[in-house]
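Given next are the chains, with one letter for each unit.
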Amino acid sequence: MTPVLRTTALCAAIHLSLSAAALARDPTTLDTLQVTASRVEKPVAEALASVTVLTRADIEASQAPDLIDLLGRQAGVDIARTGGPGGASTVFLRGGNAPHTLVLVDGIRVSSTGQGVFDFAHLPLEQIERIEIVRGPRAALWGSDAIAGVIHVFTRDPGAPSARLHAGSYGRVGASAGTGVGDASHGFGVTAGYQRLHGFSATNPLATFSFDPDDDGYRNRNLSLRGRTTLGSQRLAFSAVATDADVEFDRGTTHARNSSAGATLGGELGGRWTHQLTLGHAREDLDTTSSYSNAFRSRRTSLDWVNSLRVGAHGTLNLGVNWQEEQGISSNVFDGQTFDRTRRSHAAFAGYGLRHGANLFDVSLRHDDSNQFGAARTASAAWGRDLGERARVRLSWGEGFRAPNFNELYYPDTGYGFAGNPDLRPERSETWEAGLEFTPAAGHQLGLSAYRSRVQDLVAFAAPGTNNAININRARLEGVELDYRYRGAAWTFGGNVAWLDTEDAATGLPLLRRARDKAHADLGYRFANGLELGLDGDYASARRDVGGNPGAYAIAHLRLAWPLSPAWRLEARVENLGDRDYALVQGFNTPGRSGVVSVVWNGKH
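Residues numbered from 1 in each chain as written. Predicted model: local features only at pLDDT ≥ 70, side-chain atom pairs only at ≥ 80, totals over all residues. Heavy atoms only, no water.

## Side note on the sheet that holds strand β7 (residues 108-109)
Phase 1 of the analysis: Spatial ordering of the open sheet is given by β3-β8-β9-β6-β7, a layout of 5 strands whose pairing is mixed. Each of the sheet's edge strands pairs with one partner strand only, and the pair in question is β3 (50-54) and β7. (Pairing = 2+ DSSP bridges. Helix = DSSP H or I, 4+ residues; strand = E, 2+ residues; numbered from the N terminus.)

Right under this line is the structure:
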């Protein structure tokens, strides 16, 4: 039985079991607010999409070592990292390619204009307040890249002083501190951090290109600022975050500087009309020193205006416009500057949401126009229906597209067998999805999703006779995700299971670095004195990769949190308890059994 058929049967069984139920929803789960799925604030339960919200409390409770590890625990998210902390880190959401996930930081696009991806390695968890993951296409609201979904990171908004010190295996040491002042109308906060690792060898003898058994270290310096004030009925806010990292790899180093900043003005313009105007800028500077030294500069400036109007008693009309300018500059030691290009685009979108009795409806339509690839139109539609007071089913359809990145468009033929193509078309997709959200009792929440996607005009360096970039490939993506969480007075338990079936239509083979089967589970207990113990486990089946197929793996981690006083907390975590050898990318190493100890101060007296 295929994953989709398995889910259809399971949905039917659960639907029948719910028909007699009538318990109240747990307000701490289904009523959690999100803004990413619909571009306006709305409860997760009404988003008509598969949404995960990770709060600051969730992040701290997880004791995850970094952002890429935390994302990899979520349903439908595969991760790849070339070596230890600091190594190039990407995600594959629901089997899509890495550039098929739109990544936002405080509402600002941050993916590189060169490779079209965001490197999650350099944004520390100490700088993050909240993460929203929306699975499924959102191009009809956000535009390019949102084929597989959206990952939206919100930076810290420190309302009081806090600090953290940590030390651990592989020469890991670090510190972060934040403080803020303000009241309900005005405020300002700052968070700064530093971390260093001596590391371990990024590669092993299975590496395709090079192997050097020396330790590869990492350093990261980071800073964020946030402020807000009230101007009559309007709220003016700004945020900025910057990271400055040095990454060692076999036979070279990379100096990576990433930053993004935005200013927002929003509020009521009438009794039924609210708006938000956002000016944003993101940049990336990469300088690599090796036998093939190179540099890349990415710049993006954007302006968004989103308006929300209440229509009647139960309807909402959302209207928005967008303008952005992107620039990419590339050079290397042999050829000098290889390209310096700029692309401009503008867009408009409209969305309408309605509740009619037990039914919810959402439709969206967007038109993008670029001076490079021309026009792209996308649409989406969703329907949901309440089954009593504790469950909801949903169906959705959506289109997506991805504009080619600057390397695919403009990288010249330098004798290495590939080159860009300025005539590339955007990649396109179509996705169908069915889902169920169910709260069997207070503290419990279950989510089930099944989806089917078709992607066409995929870019590949496969032009006949030249291996230049060309729109040629197609892919099929089908999957099922089951997510469950329980929060009690002392016990917590959560887990997810994902089944994924991908196929490259040209070869009939699965897509690279995506596990067919993937699971995560975490169990925690809080004693009467506040001591917390937790056990985490992760499993992934074998994956296809370049140069070989990394095998399946199962690993476990242990964590402890001990409140020394109302203001101080001691944390400890042991990674890879069984000291298992496993790989996320063929030829690249992962940490063995290792640990980290942290001392946390929350500013309380």
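We are not done yet, so read on.
## What to know about the pairing of strand β18 (residues 315-332)
Phase 1 of the analysis: Relative to β18, strand β17 (residues 294-311) runs antiparallel, the two sharing 18 bridges. Each residue of the ladder has a partner; that of Ser 302, found in β18, is Gln 324.
Phase 2 of the analysis: Of the pairings in the sheet, the one linking β18 to strand β19 (residues 336-356) comprises 18 bridges and is antiparallel in character. Looking at β19, one finds that Trp 323 is bridged to His 346.
Phase 3 of the analysis: Hairpin geometry of β18 and β19 is characterised by an intervening segment of 3 residues between the two adjacent antiparallel strands.

## Regarding a nonpolar patch on the surface
Phase 1 of the analysis: The grouping of Leu 269, Trp 273, Leu 277, Leu 279, Leu 303, Trp 305, Val 321 and Trp 323 at the surface amounts to a nonpolar patch, some 680 Å² of accessible area in total.
Phase 2 of the analysis: Listing elements by their share of the nonpolar patch, those giving two or more residues are β16 (273-290), β17 and β18.
Phase 3 of the analysis: Residue contributions to the nonpolar patch peak at 3 residues, all from β16.
Phase 4 of the analysis: One can find Trp 273 in strand β16.
Phase 5 of the analysis: Classification of Trp 273 as partly exposed rests on a relative accessible area of 33%. (Patch = residues over 30% accessible without salt bridge, like charges linked within 9 Å, V, L, I, M, F, W, Y side chains within 5 Å. Areas by Shrake-Rupley, 256 points an atom, 1.4 Å probe, with all protein chains shown as cover. Salt bridge = Lys/Arg side-chain N within 4 Å of Asp/Glu carboxyl O. Buried < 20%, exposed > 50% of the residue type's maximum accessible area, 1.4 Å probe, protein only.)

## Brief notes about the nonpolar core
Phase 1 of the analysis: By size, the foremost hydrophobic cluster in this structure holds 33 residues, and its most contacted members are Leu 71, Phe 120 and Ile 131.
Phase 2 of the analysis: Only α3 (67-72), β4 (77-81), β5 (89-93), β6 (101-105), β8 (128-135), β9 (149-155) and β29 (553-563) provide two or more residues apiece to this core.
Phase 3 of the analysis: Element by element, the count of residues in this core is highest for α3, at 4 residues. (Core = buried A, V, L, I, M, F, W, Y, C linked by side-chain atoms within 4.5 Å.)

## Remarks on unusual backbone geometry
Phase 1 of the analysis: Positive phi outside glycine occurs at Arg 94, with the angle close to 55 degrees.
Phase 2 of the analysis: Looking at the element boundaries, Arg 94 is found in the loop between β5 and β6.

## Quick word on the pattern of salt bridges
Phase 1 of the analysis: What the rule picks out here adds up to 46 salt bridges.
Phase 2 of the analysis: Between Arg 73 and Asp 536 there is a salt bridge, and its shortest N-O distance comes to 3.8 Å. Residue Arg 73 is found in the loop between α3 and β4, and its partner Asp 536 is found in strand β28 (residues 532-540); the two are separated by 463 residues along the sequence. Residue Arg 73 shares its accessibility class with Asp 536, and that shared class is buried.
Phase 3 of the analysis: Measuring nitrogen to oxygen at the nearest pair gives 3.5 Å for the salt bridge that ties Glu 478 to Arg 452. Residue Glu 478 is located in strand β25 (residues 469-487), and its partner Arg 452 is located in strand β24 (residues 444-461); the two are separated by 26 residues in the primary sequence.
Phase 4 of the analysis: Its relative accessible area of 11% is what places Glu 478 among the buried residues.

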